[in-house]
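Reading the structure
Each chain, written out:
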Amino acid sequence: MSTAIDNPLARLRQRPRDNAAVYTVLVIGGLLWAFPLISAVRQSVAHGGFGNYLTVLTGEFNQVSLIRAFGNSLVIAALHALFVCAVGAMAAYAFAKISFPGREALYHLVLIFLAVPAVAVIVPVYYITGQLGLFNSPLGVALPEAALTLPFAVLLLRNYANGIPDTIIEAARIDRAGHARIFWHIFLPAARPALVNLAALSVMWSLQDFVFPSLVLKNADTTTAAQAVQTIQSAFGPTPEQTSQYFAALVLLAVPAVVLVVAGLKFITQGITAGGNKE
């Protein structure tokens, strides 16, 4: 167990001058990050007040409804998170707790795909989506998003799985528990913080994705929140009132991601540090 002498952060907190400097840097950094959002909120109420938010929520702009766009984004994000957590958890358990020939080689091969950008798979995704008839479908967006997120999911969850003592797995095997039972009753409950973190990150990344929705979703009824930022722009004129309404729409489109990060901050930080220590 680390003491204040061994912990650099604890030693830093004992020095008031250094502690004040750290918090000053953090506050300045936080203000810089928050400035665009604060500026957008100010512009959104500059002409018309908070009524602009009601206007953009209840209206349609270039045949796009913000409420419907939110719903489309949430459906895609939920499917994305479900696929990533389900497949990533099974793969991580196999790579961490099941011995088979070529395990490490296959694991490192999966990690190589972390370097594959979304633009590199646009053509095959477009072709496969057409062959499967998934254009204008949430699955057509969620599946390629999940495919690109899975290598990160395997890395995160395997690191966490490595922190689960092998003695627990061996004891379950002695009690004649199979891998399916161990996975369901031991691994999943133990990996809950990492899974919540992974789900939160998957939803956040999906809400921000613009490439795959623009590639797959062509109808106005299927427009996502990320697409709506560009799609509705031409619907607002240069008048001060319409400019404020456009800023109100931008603020509303940013709200889901901000709320998600704030609500899941505890689990995100727990998941990032998961697997760092091994009992």
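Residues numbered from 1 in each chain as written. Predicted model: local features only at pLDDT ≥ 70, side-chain atom pairs only at ≥ 80, totals over all residues. Heavy atoms only, no water.

The number of helices and strands found in the chain is 14 helices and two strands. Buried positions account for 35% of the 279 residues belonging to the chain. For the chain, long-range pairs separated by at least 24 residues make up 78% of all intrachain contacts whose partners lie at least 6 apart in sequence. Carbon and sulfur atoms form 67% of the exposed surface of the chain, whose accessible area is close to 16,100 Å². (Helix = DSSP H or I, 4+ residues; strand = E, 2+ residues; numbered from the N terminus. Buried < 20%, exposed > 50% of the residue type's maximum accessible area, 1.4 Å probe, protein only. Contact = heavy atoms within 4.5 Å. Areas by Shrake-Rupley, 256 points an atom, 1.4 Å probe, with all protein chains shown as cover.)

Moving on, we come to empty space enclosed by the protein. One pass over the structure, following the stated rule, counts one cavity of 30 Å³ or more. Estimates place the volume of the largest cavity at around 50 Å³. Around the largest cavity, the lining residues are Ser-73, Ile-76, Val-141, Glu-145, Ser-206, Leu-207, Asp-209, Pro-213 and Thr-224. When contributions to the lining of the largest cavity are tallied by element, the ones reaching two or more residues are α4 (66-97), α7 (138-162) and α10 (192-208). (1 Å grid on protein atoms, 1.4 Å probe; cavity = no way out; pocket = protein on both sides within 12 Å on 5 of 7 lines; lining within 4 Å. Points joined across faces, edges and corners; volume = space filled by probe spheres on them.)

What follows is about the side chain of Arg-158. Relative to the helices and strands, Arg-158 resides in helix α7. A polar contact is formed between the side chain of Arg-158 and the side chain of Glu-104, at a distance of 2.6 Å. Setting aside chain neighbours within four positions, we find Arg-158 in contact with Ala-92, Phe-95, Ala-96, Arg-103, Glu-104 and Tyr-107. (Polar contact = N/O pair within 3.5 Å; in protein donor to acceptor, adjacent residues only side chain to side chain.)

Right, let's talk about the side chain of Lys-97 for a bit. Relative to the helices and strands, Lys-97 is located in helix α4. The class of Lys-97 is buried, set by a relative accessible area of 13%. At 3.2 Å, the side chain of Lys-97 forms a polar contact with the backbone oxygen of Ala-161. Within polar-contact distance, the side chain of Lys-97 engages the backbone oxygen of Ile-164 at 2.6 Å. When sequence neighbours within four positions are dropped, the list of residues in contact with Lys-97 reads Arg-103, Ala-161, Ile-164, Pro-165, Asp-166, Ile-169 and His-179.

With that out of the way, let us pick up the confidence of the model for the chain. When pLDDT drops low, the exact placement of atoms in the prediction is not to be read closely. In the predicted model, the chain carries a mean pLDDT of 86, and 89% of its residues have values of at least 70. Within the model, the stretch residues 275-279 combines pLDDT values under 50 with seven contacts to residues more than four positions away or in other chains. (pLDDT = per-residue confidence, 0-100.)

Counted by the stated rule, this structure contains five salt bridges. In this structure, Asp-221 engages Arg-68 in a salt bridge whose closest nitrogen and oxygen atoms are separated by 3.5 Å. Of this pair, Asp-221 sits in the loop between α11 (211-216) and α12 (225-231) while Arg-68 sits in helix α4, placing them 153 residues apart in sequence. We note a salt bridge from Glu-104 to Arg-103, for which the minimum N-O separation is 3.4 Å. Overall, Glu-104 belongs to the partly exposed group, its relative accessible area being 34%. The network of salt bridges with shared partners includes Glu-60, Arg-68 and Asp-221. (Salt bridge = Lys/Arg side-chain N within 4 Å of Asp/Glu carboxyl O.)

With that out of the way, let us pick up unusual backbone geometry. The backbone of Asn-136 shows a phi angle near 60 degrees, a positive value even though the residue is not glycine. Inspection of the secondary structure puts Asn-136 in the loop between α6 (122-132) and α7. For Asn-136, a relative accessible area of 28% gives the class partly exposed. The phi dihedral of Arg-176 falls on the positive side, at around 65 degrees, and the residue is not glycine. Tracing the chain through its elements places Arg-176 in the loop between α8 (166-174) and α9 (179-190).

By the definition in use, this model includes eleven aromatic pairs. On the numbers, 6.3 Å between centres and 40 degrees between planes, the contact of Phe-95 with Phe-100 is tilted. Residue Phe-95 is classed as buried on the basis of its relative accessible area of 6%. Phe-100 sits in the partly exposed class, given a relative accessible area of 30%. (Phe/Tyr/Trp six-rings, centres within 6.5 Å; stacked < 30°, edge-to-face > 60°.)

As a further point, take the layout of surface pockets. Its boundaries defined by the atoms lining it, the largest pocket holds a volume of some 370 Å³. In terms of lining residues, the largest pocket is bounded by 14 residues, among which Gln-208, Leu-253, Ala-254, Ala-257 and Val-258 are the most central. Put simply, the parts of the chain that give the lining of the largest pocket at least two residues each are α10, α12 and α13 (240-263). Top contributing element to the lining of the largest pocket by residue count: α13, with eight residues.

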